[in-house]
Amino acid sequence: MLPPVDLDRYPLHLPESAACKALVAQCKADLARDGMFNLEGFMLPEAIARTVAETSPRLNAQEAFTHARRHNIYFKPMPDLPAGHPALKEVETRNYTLCADQCEGTPVDDIYSWQPLADFLARTMDHDALYPMPDPLARFNVMGYPEGWGLNWHFDRSQFTTTLLLQAPLEGGEFIYRSELRTDDDPNYDGVAKLLNGDDPEVKSFRAEAGTLNVFKGKNTAHRVAPVIGQVPRIVTVFTYYDRPGVMFSKEERMGFYGREA
C-alpha cells in the first residue's frame, strides 16, 4: 500500500527512474549548499487534514507530554566546559509531544514506516542504508506549539533530522538555524557562545507550508523554532532514522523527552 505522498512530484517508489535520480541529485546539491533541503507538498492535503484532525485535539496537557524545561544547547551536561561558560547559557523549550505509540495508524505512521522514504533519505545523505527505529515512543513524534511556545537552540544527536510540517501558525513559528556551526572534530565553543549572544551573522530562517518535508544536518546545525503568535498552533512530525538497525532510546532519554519509560 502506498503512503499519502505526492508520488507524481516525488516518485520515491521508483528509485531507478530518471525523475527520482534527478530529485536525489537536487537534494544532495541543496544539502551541500544550504545544509538542508525541502520537499514542498510532499504529503497529500487530505492526509494532512486527517492527521491534524486526529492529533490536534490531543495536543494538550492531559493527553500529550508537556516538554517544558530549561536547558543548554546540548541538552546535557558538558564536563569539558567550566561552569558559567557562555556556550552553556540556558534557554527554555516548551511543546506538547505525542509519541509514536499514540499515533499508530495515522498517515504520518504510514509515511514514516514506508521503506522507500528511508531508502531515498539514505541516498541523499550518502548512507548505505537508513533504518526506522523499533522504539515504540521515539520512532516519530507529533509536536504541538501553541501561542507563545517554541523550541529553543539545540543540536540534534543524529547527523540528519527529518521533519514533516502538518500545520503552520498564523505568525511566528519560523525555523531558525545556523548550518555547520560545529564539526565532529571542532566543537567551536566560542562560535556557539556568539550564537547564543545573538552575534552570529550567518543565522538564517524560513517559513514552511503544511506538507513540507524538511531534512537538515541536525547534529552540527544549531536550530530553534521561534515562539508561535496567534491561536493556530504549529504542528510538526519529527521522523527519526539511524544508519544501523535496532536503535532504542534509554530509559533516561525516554523520561527526559516523553515523561515515561514505556
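We now turn to the structure provided with this report. Please read all numbers here as calculations on a predicted model, not as lab measurements.

## Structural notes on the overall build of the protein chain
Looking only at helices and strands, the protein chain features 6 helices and 15 strands. Here the C-alpha atoms of the protein chain give a radius of gyration of 18 Å, agreeing with the 18 Å that 2.2 N^0.38 yields for 262 residues. Split into buried and exposed, the 262 residues of the protein chain put 52% on the buried side. When contacts within the protein chain are restricted to residue pairs at least 6 apart in sequence, those whose partners lie at least 24 apart make up 86%. Counting every atom, the protein chain has about 12300 Å² of accessible surface; 51% of that belongs to carbon and sulfur. The averaged location of the 37 negative side-chain charges in the protein chain is 2 Å from the averaged location of its 27 positive side-chain charges.

## Examining the sheet that holds strand 10 (residues 204-206)
Sheets are built from strands paired through backbone hydrogen bonds, the pairs being either parallel or antiparallel. With antiparallel pairing, the 4 strands of this open sheet are ordered in space as 6-12-9-10. Because the sheet does not close on itself, it has two edges, and the strands there are strand 6 (151-154) and strand 10. Mean inter-strand twist for the sheet, computed between neighbouring axes without regard to direction, equals 15°. As defined by bridge partners, strand 9 (residues 175-178) adjoins strand 12 (residues 222-225) across 4 bridges and the pair is classed as antiparallel. Each residue of the ladder has a partner; that of Phe175, found in strand 12, is Val225.

## Some thoughts on the side chain of Thr51
Topologically, Thr51 is positioned in helix 2 (residues 45-55). Excluding residues that lie within four positions of it along the chain, Thr51 makes contacts with Met43, Ser56, Pro107, Val108 and Leu166.

## Some points on the packing of aromatic side chains
Tallied over the full model, the rule gives 18 aromatic pairs. Plain terms: the ring middles of Tyr177 and Phe206 are 6.4 Å apart, the flat faces sit at 80° to each other, and that makes the pair edge-to-face. Residue Tyr177 is found in strand 9, and its partner Phe206 is found in strand 10; the two are separated by 29 residues along the sequence. Each residue in the set Phe75, Phe249, Phe257 and Tyr258 is aromatic and connected to the rest through ring pairs, giving one cluster.

## Comments concerning the pairing of strand 9
Both faces of strand 9 are covered, namely the face carrying Phe175 and Tyr177 and the face carrying Ile176 and Arg178. Two strands pair when backbone bridges link them, and strand 9 and strand 10 are joined in this way by 3 bridges, in the antiparallel orientation. Bridge pairing in strand 10 places Phe175 opposite Phe206.

Cut-off values and rules
Residues numbered from 1 in each chain as written. Predicted model: local features only at pLDDT ≥ 70, side-chain atom pairs only at ≥ 80, totals over all residues. Heavy atoms only, no water. Helix = DSSP H or I, 4+ residues; strand = E, 2+ residues; numbered from the N terminus. Rg over C-alpha atoms; globule rule 2.2 N^0.38 Å. Buried < 20%, exposed > 50% of the residue type's maximum accessible area, 1.4 Å probe, protein only. Contact = heavy atoms within 4.5 Å. Areas by Shrake-Rupley, 256 points an atom, 1.4 Å probe, with all protein chains shown as cover. Lys, Arg positive; Asp, Glu negative; His and termini not counted. Charge placed at Lys NZ, Arg CZ, Asp CG, Glu CD. Pairing = 2+ DSSP bridges. Axes fitted to C-alpha atoms, helices over the stretch in contact; angles between N-to-C directions. Phe/Tyr/Trp six-rings, centres within 6.5 Å; stacked < 30°, edge-to-face > 60°.

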